[in-house]
Amino acid sequence: MKGCDDARTWMARGGDGSLDEALRLALAAHLKSCAACRDEAAGQGDVASVLHARPAAAVPPGFSARVSARLDRGASWIELAEWRTWTWRLVPVAAALFLAAVLWSGGSASRGQAAASMSVALVDTDGARAAPEAVLWDSSIDEGLALRTVLTGARQTTPGEQRHD
Amino acid sequence: MTPDTILDPDAELVRQAAQGDRHAFDVLVRRYESQIFNLARAMTRGDDEADDLAQEAFVRAYRAIRSFRGDSLFRTWLYQVTVNVVRTHLSSRSRWRRLWSTPVEAGADEDGDAAALATPGFEDDVVRRDTIDRALAGLPEDLRVAVTLRDIQGLDYREIAETLQVPMGTVESRIFRARQRLRTLLAPLLGRGAGAPALARPAVAAGDEG
């Protein structure tokens, strides 16, 4: 031990009983020979005793109920303020929107492909191989024309339709 | 002892509370309400103020409980939350008071301390507690918190270091200096309390045994 400074450090640490045996003995030896540190140690112990014996204040009645009420009351605001909460809650909505978008774009593509096929069928010079039911998908074709095509199996053309054969 | 070896008696309740189990958190509130309220009271001196701050500490703890990783005891973490809540409050109150208080008010407070010490029925718990709290209030905040956690709340030095997020040596130093100052501030109690059980004396004065 170097002196009173070390002794005072160890007095504090000794408060937890965490001094090893060698230091504890060294401190004891110093306290025996140093009245100032002995007085300091006594004072430290006295203050600690008084504080430890401080009468605890009674918790105000209904304390836990008030905490609970605050948690209930604050839940909506707290959760709104917590972006992780509401972003997670939006996941199903986002998934539904994504699915709808995929279905919509897929449907559009299918319709586009059908229209393209139909267009090819209409310009096909071989009337016997034309698929009449495909004509029904073409909204630009007159209903009567479509019906005649289906019933007769012969491809009909509208007046404005260009023939490529 | 490393944190890994600590068996936290609150671990299961904390786990349930982190999953949103309010009942589990209510149990934790009831388990620690006295400690947290008394810590806030020792740091602020006012029942109403301490009530509000202790509530706030629990509310914040609940909000943040998912972030508690078990690196320390739940109790230590809860104390840390409470100290932060009270410190923030004291800091803002201090700024407010600097704007409005006068030296006359500060002097009146000291007169109040003296009057309390001279009050008949001095042994009464309320007066005794108030005297201690007034003495604590006379300390700088860092010393007050450290000595409160150690000598009133009973935390060990390692827990205090974790709570305040300072090295152990700093904790030891703060507690030592706090007790030195309190020896003067609590002189009337120390003089009268010579016969009180020396709860901390055996540890502090361990060397006397050798």
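Predicted model, so just to flag it, every value in this text is computed and none were measured.

Moving on, we get to the overall build of chain B. Within chain B, the secondary structure is distributed over 11 helices and zero strands. Of the regular secondary structure in chain B, the N- to C-terminal order runs α-α-α-α-α-α-α-α-α-α-α. Burial status across chain B gives 48% buried among its 210 residues. Across chain B, contacts joining residues at least 24 apart in sequence account for 62% of those joining residues at least 6 apart.

Here the focus is the nonpolar core. Counting residues in hydrophobic clusters, the biggest one holds 58 residues, and the most contacted among them are F25, I36, F58, F74, L149 and L164 of chain B. Top contributing element to this core by residue count: helix α2 (residues 22-44) of chain B, with 10 residues. Beyond its immediate chain neighbours, meaning those up to four positions away, L149 of chain B contacts L39, Y79, G154, L155, I160, T163 and L164 of chain B. Listed in part, the 16 residues of the second largest apolar core include V47 and L51 of chain A together with A135 and L186 of chain B.

A few words on the interface of chain A and chain B. Each partner contributes residues to the interface: chain A has 43 residues there, and chain B has 54 residues. A buried area of about 4,700 Å², summed over both sides, lies between chain A and chain B, and 61% of it is on carbon and sulfur atoms. Between chain A and chain B we count five salt bridges in total. With its nearest N and O atoms 2.6 Å apart, the salt bridge here joins R22 of chain B to D72 of chain A. Counting only elements with at least two residues in the side of chain A that touches chain B, the list comes to α1 (4-14), α2 (21-33), α3 (35-52) and α4 (63-81) of chain A. Split by residue class, the side of chain A that touches chain B holds 21 nonpolar, 10 polar and 12 charged.

Looking at where S68 of chain A falls in the secondary structure, it is placed in helix α4. When its relative accessible area of 17% is taken as the criterion, S68 of chain A is described as buried. The residues touching S68 of chain A, leaving out its near neighbours within four places in the chain, are R22 and D26 of chain B.

Residues and elements named next belong to chain B. Put simply, helix α1 (residues 11-18) and α2 touch, their axes get as near as 8 Å, and they point 135 degrees apart. Here α1 lies oblique to α2, going by the angle between them. Note on packing geometry: the crossing formed by α1 with α2 is left-handed. Of the residues in α2, those in contact with L13, V14, Q16 and A17 of α1 are A24, F25, V27, L28 and R31. Considered class by class, the residues forming the contact of α1 with α2 number seven nonpolar, one polar and one charged.

So, about the state of the cysteines. Residue and element names in this part refer to chain A. Counting across every chain of the model gives zero disulfides over all chains. Between C4, a cysteine without a disulfide, and C37, which holds the nearest cysteine sulfur, the sulfur-to-sulfur distance is 3.6 Å. For C4, a relative accessible area of 31% puts it in the partly exposed group.

A few words now on the pattern of salt bridges. For the coordinates displayed, the defined rule picks out 18 salt bridges over all chains. Of the charged contacts, one joins R183 of chain B and D39 of chain A as a salt bridge, the two residues approaching to 2.9 Å between their closest N and O atoms. Residue R183 of chain B is located in helix α9 (residues 168-185), and its partner D39 of chain A is located in helix α3; the two belong to separate chains. Since its relative accessible area comes to 41%, D39 of chain A is described here as partly exposed.

Turning our attention to a nonpolar patch on the surface. All names here are of chain A. On the surface, L90, V93 and L97 cluster together into a nonpolar patch covering about 280 Å² of accessible area. With respect to the helices and strands, V93 occurs in helix α6 (residues 91-123). Overall, the relative accessible area of 44% leaves V93 in the partly exposed class.

All names here are of chain B. With 23 residues, α2 ought to run about 33 Å at 1.5 Å a step, yet its terminal C-alpha atoms sit only 29 Å apart, falling short of that. Taken as a whole, α2 carries its principal kink of about 55 degrees at Y32. Taken across its 23 residues, α2 has 17 buried, putting it largely inside the fold. One side-chain oxygen of the residue at the start of α2 lies 3.0 Å from the amide nitrogen of H23, identifying that residue as D21. Once α2 finishes, R45 follows within two positions and takes phi at roughly 75 degrees, a positive value.

All names here are of chain B. Its identity is not glycine, yet Q165 carries a phi of approximately 55 degrees, on the positive side. Secondary-structure assignment places Q165 in the loop between α8 (157-164) and α9. Taking relative accessible area as the criterion, Q165 reaches 61% and is therefore assigned exposed.

Okay, the confidence of the model for chain B next. In low-pLDDT segments, the atomic positions of the prediction should not be examined closely. Residues and elements named next belong to chain B. Considering every residue of chain B, the mean pLDDT works out to 78; 73% of them sit at 70 or more. Low pLDDT (under 50) marks residues 102-122, which in the prediction has 18 contacts with non-local residues, meaning those over four places away or in another chain. Low pLDDT, under 50, characterises residues 192-210; the predicted model gives this stretch 34 contacts beyond four residues in sequence or across chains.

Reading the values: the criteria
- Residues numbered from 1 in each chain as written.
- Chains lettered and ligands numbered in written order.
- Predicted model: local features only at pLDDT ≥ 70, side-chain atom pairs only at ≥ 80, totals over all residues.
- Heavy atoms only, no water.
- Helix = DSSP H or I, 4+ residues; strand = E, 2+ residues; numbered from the N terminus.
- Buried < 20%, exposed > 50% of the residue type's maximum accessible area, 1.4 Å probe, protein only.
- Contact = heavy atoms within 4.5 Å.
- Core = buried A, V, L, I, M, F, W, Y, C linked by side-chain atoms within 4.5 Å.
- Buried area = accessible area lost by both parts, 1.4 Å probe.
- Salt bridge = Lys/Arg side-chain N within 4 Å of Asp/Glu carboxyl O.
- Nonpolar A, V, L, I, M, F, W, Y, C, P; charged D, E, K, R; others polar.
- Axes fitted to C-alpha atoms, helices over the stretch in contact; angles between N-to-C directions.
- Parallel < 35°, antiparallel > 145°, perpendicular 65-115°, else oblique.
- Left-handed = near helix turned anticlockwise from the far one by under 90°.
- Disulfide = S-S within 2.5 Å.
- Patch = residues over 30% accessible without salt bridge, like charges linked within 9 Å, V, L, I, M, F, W, Y side chains within 5 Å.
- Areas by Shrake-Rupley, 256 points an atom, 1.4 Å probe, with all protein chains shown as cover.
- Expected span 1.5 Å × (residues − 1).
- Bend = angle between axes of the 7 residues up to and from the residue.
- Polar contact = N/O pair within 3.5 Å; in protein donor to acceptor, adjacent residues only side chain to side chain.
- pLDDT = per-residue confidence, 0-100.

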